[in-house]
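Residue-level listing of the chains:
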Amino acid sequence: MNFNDPNIQKIVRETFFPFATRKMEDLRKNNTRFVHYTSAENALNIIDGKQVWLRNTNLMNDYREVQHGDRCLIDSWNDDAVGGKLRSALNQISEGLSERVLQRYIDGERARSLETYMIAVSEHGNESSREDLYGRLSMWRAYGGNTNVAFVFKNDPFISESDALNAYTSPVLYADSVSFKPHFLQVAEMVERNIGVLRIAGEDIASHLMLSAMHFASLSTKHPGFAEEREWRVIYSPKFSLTGSRSSRLESKITSLGGVPQRIFALKLENIPEEGFLGATLPELLVEVIIGPTQFPWPIYDALVDKLRNSGIADAEDRVRVSNIPLRR
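Cut-offs and rules
- Residues numbered from 1 in each chain as written.
- Predicted model: local features only at pLDDT ≥ 70, side-chain atom pairs only at ≥ 80, totals over all residues.
- Heavy atoms only, no water.
- Axes fitted to C-alpha atoms, helices over the stretch in contact; angles between N-to-C directions.
- Helix = DSSP H or I, 4+ residues; strand = E, 2+ residues; numbered from the N terminus.
- Parallel < 35°, antiparallel > 145°, perpendicular 65-115°, else oblique.
- Left-handed = near helix turned anticlockwise from the far one by under 90°.
- Contact = heavy atoms within 4.5 Å.
- Nonpolar A, V, L, I, M, F, W, Y, C, P; charged D, E, K, R; others polar.
- Pairing = 2+ DSSP bridges.
- Expected span 1.5 Å × (residues − 1).
- Buried < 20%, exposed > 50% of the residue type's maximum accessible area, 1.4 Å probe, protein only.
- Core = buried A, V, L, I, M, F, W, Y, C linked by side-chain atoms within 4.5 Å.
- Polar contact = N/O pair within 3.5 Å; in protein donor to acceptor, adjacent residues only side chain to side chain.
- Phe/Tyr/Trp six-rings, centres within 6.5 Å; stacked < 30°, edge-to-face > 60°.
- Salt bridge = Lys/Arg side-chain N within 4 Å of Asp/Glu carboxyl O.

### Details of the packing of helix H4 (residues 65-78) against helix H6 (residues 97-107)
Step number 1: Relative orientation of the contacting elements H4 and H6 amounts to 165 degrees, with a least axis distance of 13 Å. When the axis of H4 is compared with that of H6, the two are roughly antiparallel. Considering how the two elements wind past one another, H4 and H6 form a crossing that is left-handed. Only Ser98, Val101, Leu102 and Tyr105 of H6 make contact with H4, whose side of the interface consists of Asp70, Leu73, Ile74 and Trp77.
Step number 2: The class makeup of the residues in the contact of H4 with H6 is 6 nonpolar, 1 polar and 1 charged.

### Let's talk about the pairing of strand E10 (residues 260-268)
Step number 1: Relative to E10, strand E2 (residues 51-56) is paired through 5 bridges, and the arrangement is antiparallel. Considered in E10, the bridge of Trp53 is made with Ala266.
Step number 2: Inspection of the sheet shows strand E9 (residues 250-257) paired to E10 by 8 bridges, in the antiparallel sense. If you follow Lys253 over to E10, its bridge partner there is Ile264.
Step number 3: Hairpin remark: E9 followed by E10, antiparallel, with 2 residues in the connecting loop; positive phi at Gly258, about 60 degrees.

### Points about H4
Step number 1: When the terminal C-alpha atoms of H4 are compared, their 20 Å separation across 14 residues agrees well with the 20 Å that a helix rising 1.5 Å per residue should span.
Step number 2: Within H4, burial applies to Glu65, Val66, His68, Gly69, Cys72, Leu73, Ser76 and Trp77.

### So, the environment of Arg71
Step number 1: Within the secondary structure, Arg71 is located in helix H4.
Step number 2: Under the relative-accessibility criterion, Arg71 is labelled partly exposed at 45%.
Step number 3: For the pair formed by Arg71 and Trp232, sequence separation is 161 residues and the distance between their alpha carbons is 20 Å.

### What to know about the nonpolar core
Step number 1: Residues Leu54, Val149, Phe151, Leu286, Val289, Leu304 and Leu308 are the most contacted members of the largest nonpolar core, which totals 42 residues.
Step number 2: Counting residues in each nonpolar core, the second largest holds 29 residues, with Ile93, Ala175, Ala188 and Leu198 among its members.

### A look at the side chain of His68
Step number 1: Inspection of the secondary structure puts His68 in helix H4.
Step number 2: His68 sits in the buried class, given a relative accessible area of 12%.
Step number 3: Leaving out residues up to four positions away in the same chain, His68 has contacts with Ala175, Asp176, Thr221, Lys222 and His223.

### Concerning the environment of Ser170
Step number 1: Along the chain, Ser170 turns up in strand E5 (residues 168-171).
Step number 2: With 135 residues separating them along the chain, Ser170 and Val35 place their C-alpha atoms 15 Å apart.
Step number 3: Here Ser170 is in contact with Phe216, Ser220, Trp232, Arg233 and Ile235, once residues within four sequence places are set aside.
Step number 4: A distance of 2.8 Å separates the side chain of Ser170 from the side chain of Ser220, its partner in a polar contact.

### Comments concerning the packing of aromatic side chains
Step number 1: Applying the stated rule across the entire model yields 10 aromatic pairs.
Step number 2: Summarising the aromatic geometry, the rings of Phe34 and Trp232 are spaced 5.5 Å apart at their centres and angled 65 degrees between planes, so their arrangement reads as edge-to-face. On the criterion of sequence distance, the pair formed by Phe34 in strand E1 (residues 34-39) and Trp232 in strand E8 (residues 231-236) is long-range, its members being 198 residues apart.
Step number 3: According to the relative accessible area criterion, Phe34 is buried, its value standing at 0%.

### Quick look at the pattern of salt bridges
Step number 1: Under the defined criterion, the tally for this structure stands at 21 salt bridges.
Step number 2: Two residues, Arg33 and Asp132, come together in a salt bridge whose shortest N-O distance is 2.7 Å. Here the residue Arg33 occupies a position in the loop between helix H2 (18-30) and E1, and Asp132 occupies one in helix H8 (residues 130-134), the gap between them amounting to 99 residues. Across this residue pair, the class does not change: Arg33 and Asp132 are buried.
Step number 3: Salt-bridge contacts for Asp315 lead to Arg319; the nearest nitrogen and oxygen are separated by 3.1 Å.

Take a look at the structure:
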């Protein structure tokens, strides 16, 4: 089976990643941009280093997020009306496959919680929305402290189908154990529908695809109370890659952030044209920088404009502006 065949790739996406596939289609249709809320200090690091950092999942705002996704998935797996359908379909591909897939998923718990790295972005409002004008108030309150900024990015490299970085963009599903089940059931029904194709692919491929779907579902499911964030995650999990090893294009570093020593992976903002990864340089990627509510807007503006100009963005002063939300800190 030729997995470079666009028809086979389409079957794989629609079978194992139906929610992500729909969200990607919506992004392309609406040309939705992304926004990354961060501190002004970190903004300088991004511009100077021409890179963003992927941090360990244990260092997210709420480390229990991965546990939440895992609970939703296991609850669905154990529900005979939902998980039973998937288990039956997997066992028709290869006898006992469901048990082997579940065991590998359980064995991968450490890789999900301790050896997975990510960076979060959010969908950004369109040009006619107030959010595009001011930024999102809830995000200004939650991220970046007293000197926060927002990078507004084009979506091109985020939705690239290239495997150049071995890091993948995944939309967050806001669900609890009950509302997660229809999404799980859709995967089960699609696996059932494509049993013939998966039998031809063989157990190793079918098992890898199923585990990848479960892995990303666990890492990309969040409590419904956070739905207004409209979050997407760039996820890097070396042990869940096809090679099972780290990417040579993501640099591992040990650093201290907020007084916490930690490993990060630096994702360089550069194109890899030979592998179809384009639009990732800062001048291509950056739409604008919005300076959030702060008592120091103009010193931050001056610093960011200067840094962007030195990074090759000639119209830097036109790409930085101040949000005038009167939020007191």
